[in-house]
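Residue-level listing of the chains:
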Amino acid sequence: MGRVEWTRLEGNDVEAVVAMFVNRERPNSVRISTSRGDGGIDILERGAGPAGGDDVHQVKCYCGPLTARQKEEVKKSLARLTTDPRWKSLKVERWYLVTPWDPTPEAEAWLQELAAGYEFTAVWHGLAYVEQLAAKYPDVVDYYLHGGKTAIEDAYQAVAAMFALGGNPQQTMDIPSVTARVQAALPVLDTDPHYRYELHFGSDQPPPPADRPRLVMSWLSSRRGGGPWVAVDVIARCAASTDERPITITGQLAADNDSTFAEDLRDSAAFGTPFTSPAGAFTGEIDAPGGLGGPLANAQIMSLPIDDLGANPQLHVQIIDPAGTVLSTADLDRTDRSQGTDGVRVVLQEVHHVFQVEDRYRLPAASLKRTFRLADPANLVGEPPAAVLAALQFLNVCRTPNTARASVRHTPPERGTIDRAWILDLPDEWQKKIDFLTEAIGALATIQQHTSTPIRVPDLTLVTFEQHRRWILAAHLLAGKEVLTTYPDGQCLVLELGSDVDVPNGGTIGMAVPLNVVIDGATIELGGMEIWLNEATLVRREQRGDRTYHLFTTPGRRYRCLPAPEEND
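Anyway, here's the lowdown on the structure attached to this text.

Rules behind the numbers
- Residues numbered from 1 in each chain as written.
- Predicted model: local features only at pLDDT ≥ 70, side-chain atom pairs only at ≥ 80, totals over all residues.
- Heavy atoms only, no water.
- Helix = DSSP H or I, 4+ residues; strand = E, 2+ residues; numbered from the N terminus.
- Buried < 20%, exposed > 50% of the residue type's maximum accessible area, 1.4 Å probe, protein only.
- Contact = heavy atoms within 4.5 Å.
- Salt bridge = Lys/Arg side-chain N within 4 Å of Asp/Glu carboxyl O.
- Patch = residues over 30% accessible without salt bridge, like charges linked within 9 Å, V, L, I, M, F, W, Y side chains within 5 Å.
- Areas by Shrake-Rupley, 256 points an atom, 1.4 Å probe, with all protein chains shown as cover.
- Phe/Tyr/Trp six-rings, centres within 6.5 Å; stacked < 30°, edge-to-face > 60°.
- Lys NZ or Arg CZ within 6 Å of the ring centre and 35° of its normal.
- Pairing = 2+ DSSP bridges.
- Axes fitted to C-alpha atoms, helices over the stretch in contact; angles between N-to-C directions.
- Parallel < 35°, antiparallel > 145°, perpendicular 65-115°, else oblique.
- Left-handed = near helix turned anticlockwise from the far one by under 90°.
- Nonpolar A, V, L, I, M, F, W, Y, C, P; charged D, E, K, R; others polar.
- Expected span 1.5 Å × (residues − 1).

**Re the overall build of the protein**
Check the secondary structure of the protein and you find twelve helices and 24 strands. Scored against the burial criterion, the 569 residues of the protein give a buried share of 41%. Restricting to contacts in the protein with at least 6 residues of sequence separation, those with at least 24 account for 61%.

Here it is as structure tokens:
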């Protein structure tokens, strides 16, 4: 590709190409907007400075020595860094002037003199820099200046047809032919200056979209009921790609006025709440690069949370009684926030996934509605019991007359702000769920204190009643408590005693037995305990091999469990 004749191009074309060069070279940089009245394009790259500050690039179309008017435009661009509210929060370390013209020593001295009054370094990137980027990114030049845009769209239409499933049944689909088609397509797929494309093939169930940087779209073609599938991941080459070549969807959603989905749509409009439509509720069209756009019929659409969580998303909350004593604490992360026509929505997630709260601030009235959600037990799997227990105990004190104080995590809590919305006063239905979890998780936390085997919360929906009951028994015994319990109706207590043991009816029998519990399929050994039967009645003896078992009943099916006595040295 020959050199670009910058002097023959329109100013807007020059700036569009050079700005894309900068965005590709600095893939994390973003466009701010068209400058106000002085021409050029502002490009911002946060955190790119040597000391962690920000870099700003000002792209100008100047292809020769600067005129008086052009110098005044540069002067305004510099001044804007201190007067424009868009730059208020920035800590600019380096300001780059980018032009397809190399400055003379006099022009360079003029720029440095102009920037001397600012607290950042000014750098002039001229023609040599621009030509270097043109050689590095010829796809940008071809797309913007040599008709490559139309050629790319045509090529991608052909590629999409080539890989379409259910096409010509006469086409050879063996591995060598498919490999050849992929290899033939790759050069075409690599000429898009804004996106790159990764093709994936497989059969049966296609995988979910990968979680990866700058993945903006995943296109999937498959057959109902399984079979082969083709997936294409569309990955932005830089942060500005979606501005230069946006992916847009237009169409209509169908929803009955009194349906749950209609309510979800109203929430999305009012507070920006993410939603998922029923299958077949959307009809429209997608405009996407790479020939991946087209009509959408009987589709399902999903809106996702944005990545911007705001400043200081890690929070710490204390519950304080009227005397000022801290009763409990919890750490929470801001996991989602959105905004709609009625106000702002914020979602806070307890760090061990025990509970979640959603705040809706209705503006401008500044009213707050807080919604509390207790975690599904499946979401607690794998968490340390002590951490989950602490969060449950936090909820148990979120009630009148206590109050709450919220602060940024790792800052002095006493400098936080009072947040009375944490006084939830939960209804009885929620309190029963919390009480059940507190009992089960509390037992696991107690057991963990008496074993070096790491314990994690299992799936509580798979825990049997007897396993749960055994946890509670073990926790009480380990805490030094005596437990009066019963055996199931219609059954007996079975004790292994020697065949020569004389067991009088109506007497008292005591026996030391191992104390074990089963947690998530693993047996945890916790030492021993004692079982005592009062007024025991011998039902029968059973000989099983060389072992003799005695079957007893007791009044009311009761028996006592005691902690094993401490051994004397």
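Now that the structure is up, let's keep going.
**Topic: the pattern of salt bridges**
In a structure, side chains of opposite charge can pair up when their charged atoms sit close to one another. As enumerated under the stated definition, the model contains 29 salt bridges in all. The salt bridge involving Arg31 is made with Glu244; its shortest N-O contact spans 3.3 Å. Remark: Glu244 occurs in helix H8 (residues 241-244) and Arg31 occurs in strand E1 (residues 30-34); sequence separation between them is 213 residues. When its relative accessible area of 17% is taken as the criterion, Arg31 is described as buried. With a relative accessible area of 30%, Glu244 lands in the partly exposed category. Linking Arg80 and Asp42 is a salt bridge whose minimum nitrogen-to-oxygen distance equals 2.7 Å. Of this pair, Arg80 sits in helix H2 (residues 68-83) while Asp42 sits in strand E2 (residues 41-45), and the two are 38 residues apart along the sequence. For Arg80, a relative accessible area of 8% corresponds to the buried category. Overall, the relative accessible area of 1% leaves Asp42 in the buried class. Among the charged side chains, a network of salt bridges with common partners joins Asp267, Asp336, Arg345, Glu358, Arg360 and Arg373.

**Some thoughts on a nonpolar patch on the surface**
Together, Tyr361, Leu363 and Leu368 give the surface a local cluster of nonpolar side chains, amounting to about 240 Å² of exposed area. Here Leu368 lies in strand E16 (residues 367-374).

**Looking at unusual backbone geometry**
The peptide bond linking Leu363 to Pro364 adopts the cis configuration, its omega dihedral lying at 5°. Mapped onto the secondary structure, Pro364 falls in the loop between strand E15 (355-362) and E16. Residues other than glycine seldom take positive phi values, yet Arg214 does so here, at roughly 65°. Counting through the fold element by element, Arg214 comes out in the loop between strand E6 (195-203) and strand E7 (215-222). One non-glycine residue, Arg557, adopts positive backbone phi at about 60°.

**Details of the packing of aromatic side chains**
Applying the stated criterion across every chain yields a total of eleven aromatic pairs. With a centroid separation of 6.0 Å and 50° between ring planes, the pair formed by Phe261 and Phe275 is classed as tilted. One end of the pair, Phe261, is in helix H9 (residues 260-271); the other, Phe275, is in the loop between H9 and strand E10 (282-287), and 14 residues separate them in sequence. Here the two residues Phe261 and Phe275 agree in accessibility, since each one is buried. A cation over a ring is seen here: Lys433 above Trp430, with NZ or CZ 4.7 Å from the ring centre. If you follow Arg544 out to its NZ or CZ, it ends over the ring of Tyr549, 4.7 Å from the centre.

**A short note on the sheet that holds E10**
Within the open sheet, the three strands sit side by side as E9-E10-E11. Their pairing is antiparallel. In this open sheet, the two edge strands, each paired with only one partner strand, are strand E9 (248-253) and strand E11 (294-299). With direction set aside, neighbouring strand axes in the sheet form an average angle of 20°. Sheet analysis places E10 next to E11, joined by four bridges and oriented antiparallel. For Ile286, the partnering residue across the bridge sits in E11 and is Gly294.

**What to know about the packing of helix H1 (residues 11-25) against helix H5 (residues 138-145)**
Running from N to C, H1 and H5 point in directions that differ by 155°, and their axes come no closer than 10 Å. Between H1 and H5, the interaxial angle falls into the category roughly antiparallel. Handedness of the H1/H5 crossing: right-handed. Contacts from Asp13, Ala16, Val17, Met20, Phe21 and Arg24 of H1 reach H5 at Asp139, Val140, Val141, Tyr144 and Leu145. Broken down by class, the residue content of the contact of H1 with H5 amounts to eight nonpolar, no polar and three charged.

**What to know about the sheet that holds E15**
The strands that make up a sheet are held in pairs by hydrogen bonds between backbone atoms, and each pair lies either parallel or antiparallel. Strands sit in the order E16-E15-E14-E13-E12-E17-E18 across an open sheet of seven strands; the sheet is antiparallel. In the strand order of this sheet, the two ends are held by E16 and strand E18 (417-418), each with one partner.

**Looking at helix H12 (residues 465-478)**
The first and last C-alpha atoms of H12 sit 20 Å apart over 14 residues, in line with the 20 Å expected at 1.5 Å per residue. Every buried residue of H12 is listed here: His468, Trp471, Ile472, Leu473, Ala474, Ala475, Leu477 and Leu478.

**Quick notes on the packing of H1 against helix H4 (residues 127-136)**
Look at H1 against H4: their axes get within 10 Å of each other, and the N-to-C directions meet at 70°. In terms of orientation, H1 and H4 fall into the roughly perpendicular class. On H4, the residues that touch Val18, Phe21, Val22 and Glu25 of H1 are Tyr129, Val130, Leu133, Ala134 and Lys136. Its residues placed into classes, the contact of H1 with H4 shows seven nonpolar, no polar and two charged.

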